[in-house]
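Observations on the three-dimensional arrangement
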Amino acid sequence: EAGVAQSPRYKIIEKRQSVAFWCNPISGHATLYWYQQILGQGPKLLIQFQNNGVVDDSQLPKDRFSAERLKGVDSTLKIQPAKLEDSAVYLCASTTPGANVLTFGAGSRLTVL
Amino acid sequence: EDQVTQSPEALRLQEGESSSLNCSYTVSGLRGLFWYRQDPGKGPEFLFTLYSAGEEKEKERLKATLTKKESFLHITAPKPEDSATYLCAVDGSSNTGKLIFGQGTTLQVKP
């Protein structure tokens, strides 16, 4: 079984620039999550999708972050404009609906200069 | 508000020196407590789920236990390949999968 795919693995941008991250979940996993992991901290949920609908985006900074999952499969997380404090690893995870064991991708590491 | 606190932040052991990692939690209604392992440059990898006080699970040199306020990850006779960051998380909301993570314990096992 293929795992959760994420790209790019690394991205360096200057503040106020924009960036986008892509995630392809495990085949058949209807539920998809984006977590933010700042260095030295545990992951924090940004947004949860079930199919192409948003279940929870209460911790997504909506003035600069956006996410979509148009066809209920892969997803894109965008940051515009980026701030220094957005430097982190952005983890995508997926699972089947109702299950709570998440499978994570390797993450996309963002550095904002 | 649900909270998870892990201790210690870092732990250095000699190969074969057993120890325990602690995860203290406060949650209104526990729907599951999770242990994940995270290697540098990788995403968290699932180890265990515990659902009720008194429950225990084992995998190779790892054993996870759960009480009403905390969980322990016991590592027996660790090897260098057990070196990683161990993350504890709780699922305490009605939104299944919204995990609240602790900050992790970074374990280094020296040969």
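Read on for a plain summary of the structure.

Calculation notes
- Residues numbered from 1 in each chain as written.
- Chains lettered and ligands numbered in written order.
- Predicted model: local features only at pLDDT ≥ 70, side-chain atom pairs only at ≥ 80, totals over all residues.
- Heavy atoms only, no water.
- Phe/Tyr/Trp six-rings, centres within 6.5 Å; stacked < 30°, edge-to-face > 60°.
- Helix = DSSP H or I, 4+ residues; strand = E, 2+ residues; numbered from the N terminus.
- Buried < 20%, exposed > 50% of the residue type's maximum accessible area, 1.4 Å probe, protein only.
- Core = buried A, V, L, I, M, F, W, Y, C linked by side-chain atoms within 4.5 Å.
- Contact = heavy atoms within 4.5 Å.
- Pairing = 2+ DSSP bridges.

Next up on the list: the packing of aromatic side chains. Evaluation of the coordinates by the stated rule reveals nine aromatic pairs over all chains. Seen from their ring centres, A:Phe21 and A:Tyr90 are 5.4 Å apart, and the 20° between their planes marks the pair as stacked. Of this pair, A:Phe21 sits in strand S3 (residues 19-24) while A:Tyr90 sits in strand S9 (residues 88-95), and the two are 69 residues apart along the sequence. Each member of the pair, A:Phe21 together with A:Tyr90, is buried. Arranged with centres 5.8 Å apart and planes meeting at 75°, the rings of B:Tyr36 and B:Phe46 form a pair that is edge-to-face. Residue B:Tyr36 is found in strand S4 (residues 33-38), and its partner B:Phe46 is found in strand S5 (residues 45-50); the two are separated by ten residues along the sequence. Among the residues examined, B:Phe46 registers a relative accessible area of 29% and is labelled partly exposed.

Among the nonpolar cores identified, the biggest contains 22 residues, and B:Leu33, B:Trp35, B:Leu73 and B:Tyr86 are the most heavily contacted of them. Listing elements by their share of this core, those giving two or more residues are strand S2 (10-14), strand S3 (19-26), S4, S5, strand S7 (62-66), strand S8 (70-75), strand S9 (84-91) and strand S11 (105-110) of chain B. The element best represented in this core is S9(B), accounting for four residues. Apart from residues no more than four positions distant in its own chain, B:Leu73 is found in contact with B:Ser19, B:Ser20, B:Leu21, B:Trp35, B:Phe48, B:Leu62, B:Lys63, B:Ala64 and B:Tyr86. Counting residues in hydrophobic clusters, the runner-up holds 21 residues, among them A:Cys23, A:Ile26, A:Ile47 and A:Ala88.

As a further point, take the pairing of strand S6 (residues 53-56) of chain A. Residues and elements named next belong to chain A. With three bridges joining them, strand S5 (residues 44-50) and S6 adopt antiparallel strand pairing. Directly across from phenylalanine 49, in S6, lies its bridge partner valine 54. Linkage of S5 to S6, two consecutive antiparallel strands, is achieved through a turn of two residues, within which asparagine 51 is found at a positive phi near 55°.

Within the secondary structure, A:Gln37 sits in strand S4 (residues 31-37). The class of A:Gln37 is buried, set by a relative accessible area of 10%. With sequence-adjacent residues up to four places away left out, A:Gln37 is seen in contact with A:Gly42, A:Pro43, A:Ala88, A:Val89, A:Leu91, B:Gln38 and B:Leu87.

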